[in-house]
Structure formats: structure tokens, C-alpha cells
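# Close look at the chain arrangement
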Amino acid sequence: SQQGEEDPQALSIQEGENATMNCSYKTSINNLQWYRQNSGRGLVHLILIRSNEREKHSGRLRVTLDTSKKSSSLLITASRAADTASYFCAPDRWGAQKLVFGQGTRLTINP
Amino acid sequence: DAGVIQSPRHEVTEMGQEVTLRCKPISGHNSLFWYRQTMMRGLELLIYFNNNVPIDDSGMPEDRFSAKMPNASFSTLKIQPSEPRDSAVYFCASSLTRTGGNNSPLHFGNGTRLTVT
């Protein structure tokens with residue numbers, strides 16, 4: 001299966017805390033992408049990490065990738081209410097045209 | 001950049017009626033994807049096009065579903081006849097070419113919420 005599996009399914013934290021979401025996958029990849037979906041909206045691309053990278057930062061986002069364990073994690077630091085959303089990982093195989101998504105992690109930031 | 005534009009945003013129809021969902025991809029993007037999202041099944045890929053040609057329609061659930069891309073700036077997803085179990089949010093996404101190892105990210109529209117009664 002090409003899709004990733006996000007863990008946990010749901011996460012609820014207080015504003016200001018850090019949120020960590022994990023993704024496991026089964027195929028060899030060229031890169032792995034993370035997307036966010038706010039309620040009632042489409043997915044928005046957040047960050048892409050290539051298979052030869054171990055860590056990548058973008059603002060308050062930090063993504064790690066361990067290809068030996070076929071896993072990735074997304075860390076959101078100093079969470080805000082606006083970070084409340086579902087987060088999806090998408091393992092991207094070399095030469096794959098399609099992108100398949102799992103069920104996502106539903107993140108709730110409590111004020 | 002107007003993003004991916006989908007219409008209508010909401011569609012309510014009766015069982016047996018024909019439904020047509022529309023999508024305008026981002027100009028210059030030549031890959032287009034149709035997804036369906038439900039609570040039970042998550043986000044399912046229905047079909048995708050590259051340079052207006054359908055590449056993989058293995059996710060289309062039944063013959064009642066059909067998709068076309070007559071030109072680079074327009075695609076439709078049609079359900080005929082519609083059934084209550086087709087109720088879902090349908091997303092269109094586009095990207096730069098994803099062939100030849102070029103794994104470009106996807107840009108999603110805000111979806112069409114379809115309710116079939």
C-alpha cells in the first residue's frame with residue numbers, strides 16, 4: 001500500500017504546547033509530504049522532506065524522516081488555536097504520479 | 001494565483017438524478033486528481049489525469065461515475081444516476097507534472113459537498 005498511516009488518530013493539547021504526529025509507511029520513497037486540512041477546506045501542502053534528508057524545518061514546523069524505520073514525524077512547536085486541523089502524510093514513491101492519503105491525525109488546540 | 005476552483009460548493013440532489021462537479025486547475029498545472037472524502041473511508045483517489053489524459057481510474061467506484069478533462073483548464077466528474085451512498089465531499093487537486101521522478105506537491109480546491117437524498 002502506498003499510503004501512510006498517521007498516529008495518533010486524534011490529539012488534543014493546550015495552546016502553547018508542542019504537538020507531535022507520526023507517520024509510518026511501507027514502500028520505498030523519493031520524498032514524504034505533509035498536508036493540513038482545516039474544517040470545510042481542501043488539503044494544503046505544508047512541507048516536503050526528501051529521502052536523503054533527516055530533518056527539515058519551516059517556521060514552527062519540524063519534520064523528521066527515518067527511511068530505515070519507514071517513519072516520519074511532524075512537530076508543531078508553540079501551538080496556536082489556528083493549528084486546529086487534520087494533518088496527513090503522503091509517502092511519495094519515485095516516479096509515482098498519484099498521491100494516496102491515510103486517515104490523518106485530528107489535532108485540537110484548546111485555548 | 002486563484003488556486004484550484006471547484007463548483008458548486010454544495011450540491012443537494014435526489015437519488016437518481018445526474019450530478020456534475022466541476023474543476024478548474026491552476027494554470028500551468030498538467031496533472032489533475034479527483035478525490036472523495038467521507039468519515040468512514042477517508043480520502044479516496046478516484047481518478048487522475050496527466051496532460052488531459054486519464055491515467056488511472058481504478059478508484060472510480062462504479063460505472064455510474066465518469067470523469068473528463070476536455071482541455072487543460074477544465075475537468076468534470078459526473079455521477080449518473082446518483083445514490084445516497086455517493087454523499088461525500090469531492091475534491092479536485094492539481095500539480096505540476098509528476099512524471100519522470102518529479103514529485104510535485106498537490107494543490108487542492110475547497111471541495112464540493114454532495115448530499116444525495
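Located above this text is the structure these notes cover.
Model, not experiment: these values are computed from the prediction. (Residues numbered from 1 in each chain as written. Chains lettered and ligands numbered in written order. Predicted model: local features only at pLDDT ≥ 70, side-chain atom pairs only at ≥ 80, totals over all residues. Heavy atoms only, no water.)

## Section: the state of the cysteines
- Tallied over the entire structure, the rule returns two disulfides over all chains.
- A:Cys23 shares a disulfide with A:Cys89; S-S distance 2.0 Å. Classification of the bridge connecting A:Cys23 and A:Cys89 rests on its S-S torsion, roughly 70°, and on that basis the disulfide is right-handed. With A:Cys23 in strand β3 (residues 19-24) and A:Cys89 in strand β9 (residues 85-92), the pair connects residues that are 66 residues apart, well separated along the chain. Both residues of the pair, A:Cys23 and A:Cys89, belong to the buried class.
- There is a disulfide in this structure between B:Cys23 and B:Cys92, and the S-S distance comes to 1.9 Å. Taking the torsion about the sulfur-sulfur bond, which here is approximately -65°, the covalent link between B:Cys23 and B:Cys92 counts as left-handed. One end of the pair, B:Cys23, is in strand β3 (residues 19-24); the other, B:Cys92, is in strand β9 (residues 88-95), and 69 residues separate them in sequence. Each member of the pair, B:Cys23 as well as B:Cys92, carries the same accessibility label: buried. (Disulfide = S-S within 2.5 Å. Helix = DSSP H or I, 4+ residues; strand = E, 2+ residues; numbered from the N terminus. Buried < 20%, exposed > 50% of the residue type's maximum accessible area, 1.4 Å probe, protein only.)

## Here we look at the sheet that holds β9(A)
All names here are of chain A.
- Overall, mixed pairing links the five strands, which are arranged β2-β10-β9-β4-β5 in an open sheet. The open sheet terminates on both sides in strands that have one partner only, identified here as β2 (10-14) and β5 (43-50). Averaged over all neighbouring strand pairs, the angle between strand axes comes to 25°, with direction disregarded.
- Two elements, β9 and strand β10 (residues 105-110), share three bridges in a ladder whose sense is antiparallel. Bridge pairing links Ser 86 to Arg 106 in β10. (Pairing = 2+ DSSP bridges. Axes fitted to C-alpha atoms, helices over the stretch in contact; angles between N-to-C directions.)

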